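# A closer look at the structure
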Amino acid sequence: MRLRLGIIGGGQLGRYLCAAARELGIVTVVMTDEAEPPAAATADRVIHGGLGDLAAARTLVEAVDVVTFEIEAVGADVLDLLADADARGRVAVRPGAGILATLRNKATQKRWLVDAGLPTAPFRAFNDASVRLTAADLDGFAMPVVQKSQVGGYDGRGVHIVHGLADLDEQLPGPCLLEAFVPHVGEFAILVARGVDGDIRCYDPVALRFEPRRHVLDEVRVPAGLSEAEVATCRALAVRCMERLGGVGVFALELFLTPHGEIVINEISPRVHNAGHLTLEACATSQFEQHVRAVAGLPLGPVALQAPAVMRNLLWRGPPAPAVPVPVRLAGSTAHIYWYDKSEGRPWRKMGHLTACGPTVEVAGREAEAGCAAVLAFTDGACG
Ligand SMILES: Nc1ncnc2c1ncn2[C@@H]1O[C@H](COP(=O)(O)OP(=O)(O)OP(=O)(O)O)[C@@H](O)[C@H]1O
Ligand SMILES: [Mg+2]
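Residues numbered from 1 in each chain as written. Chains lettered and ligands numbered in written order. Predicted model: local features only at pLDDT ≥ 70, side-chain atom pairs only at ≥ 80, totals over all residues. Heavy atoms only, no water.

Ligand 1 sits among 20 residues. The nearest are Lys-106, Lys-148, Glu-179, Glu-187 and Glu-267. Between ligand 1 and Val-182 there is a distance of 2.8 Å, counted from a nitrogen atom to a backbone nitrogen or oxygen. Within the side chain of Asn-266, one N or O atom sits 3.0 Å away from an oxygen atom of ligand 1. The protein chains hide 94% of the 610 Å² of surface that ligand 1 would expose on its own. (Near = heavy atom within 4 Å. Polar contact = N/O pair within 3.5 Å; in protein donor to acceptor, adjacent residues only side chain to side chain. Areas by Shrake-Rupley, 256 points an atom, 1.4 Å probe, with all protein chains shown as cover.)

Attention now goes to the packing of aromatic side chains. Summed over the entire model, instances satisfying the criterion amount to three aromatic pairs. Look at Tyr-16 and Phe-288: their rings are 5.7 Å apart centre to centre, the planes differ by 55°, and that puts the pair in the tilted class. Of this pair, Tyr-16 sits in helix H1 (residues 12-23) while Phe-288 sits in helix H8 (residues 287-295), and the two are 272 residues apart along the sequence. Residue class for Phe-288 comes out buried when judged on its relative accessible area of 0%. Their ring planes at 90° and their centres at 5.5 Å tell us that Tyr-16 and Tyr-338 sit as a pair that is edge-to-face. Here Tyr-16 is found in helix H1, whereas its partner Tyr-338 is found in strand E18 (residues 336-339), with 322 residues between them in sequence. (Phe/Tyr/Trp six-rings, centres within 6.5 Å; stacked < 30°, edge-to-face > 60°. Helix = DSSP H or I, 4+ residues; strand = E, 2+ residues; numbered from the N terminus. Buried < 20%, exposed > 50% of the residue type's maximum accessible area, 1.4 Å probe, protein only.)

Printed below as a string of structure tokens:
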């Protein structure tokens, strides 16, 4: 019988996980509460239920052999249910529910990093749901300091940079943490996969560029322009994380490079990541295939870089409005366009991405830029 893979979350990451699974002959069941989830196009079945929906999670567990995640903000009760089903041998949860429980919350994740002796910015957690930070809470932090929501933040939406007391007027609600701002000359990410057999493989690190006001990821490039020593440090950190976590699947480490040449971990995602989209074109095995291979218990595929590549997120620029699908190629660019079929555009929403390869990363960057211009023209300036 074909292996049945359950995926919690139905966004674009799920969409390409399902596509990769299909190529491997694996049946997919996605659990999501979105009415029109991007993953619906490629999944074999969709179970409707939110990330904390116990009844939907029970249905999922009955329907599949392996459960994995494309989002980490899963409800604690659902994680308990999955842990129990795993312990009973009903399903294999990969990566484990315990790993998700630790990493899904930025406070427990940071505590884990500190306990593991891994380099990360100093922080203080505020666990009270009704917390309002005051001047006293900033004691011991130099300005600026970063306030982050403990759970549920994404694409910079759970991040608030505090430059001074006045910025506390507009703080994020709910449990949060304060984190020292890490002065950096660049942001990077490294994807790492670990198989059921313990085999660990690191992709080449990638360079990240963020939209400066929104902290939303805008561009990813590989090679990242790091020195050999810096690349070696990124790999060593990724391997240490995976060995200590014992996770199975693809994980992503987001990293800062400081002006002194140190690499500091921003966060770890126990899943495929926006920073790895360009592996679809640029690497021997895409992050999506790799994750499916890992959680399905297959041997990992090769991760070698095949060509320099640049990925650009296609972000909605205009006011909320219905979105028209953008085709996979547009005149004037060699970029491969991935459109997620989200029916509504909202400010800064990721509507798709595109990737261009080239003989050099500079050429790939120009092709990606031309691709964005073509998408902007196609959408009358709404997206690009
Ligand atoms: N301590 C810090 N020092 C400097 N910049 C930071 C710090 N923390 C976050 N940032 C900036 O904000 C961005 C988003 O932060 P973070 O990755 O924690 O949030 P997120 O909402 O999980 O984002 P995403 O979903 O894009 O990964 C970072 O990539 C970085 O540009
Ligand atoms: Mg991040």
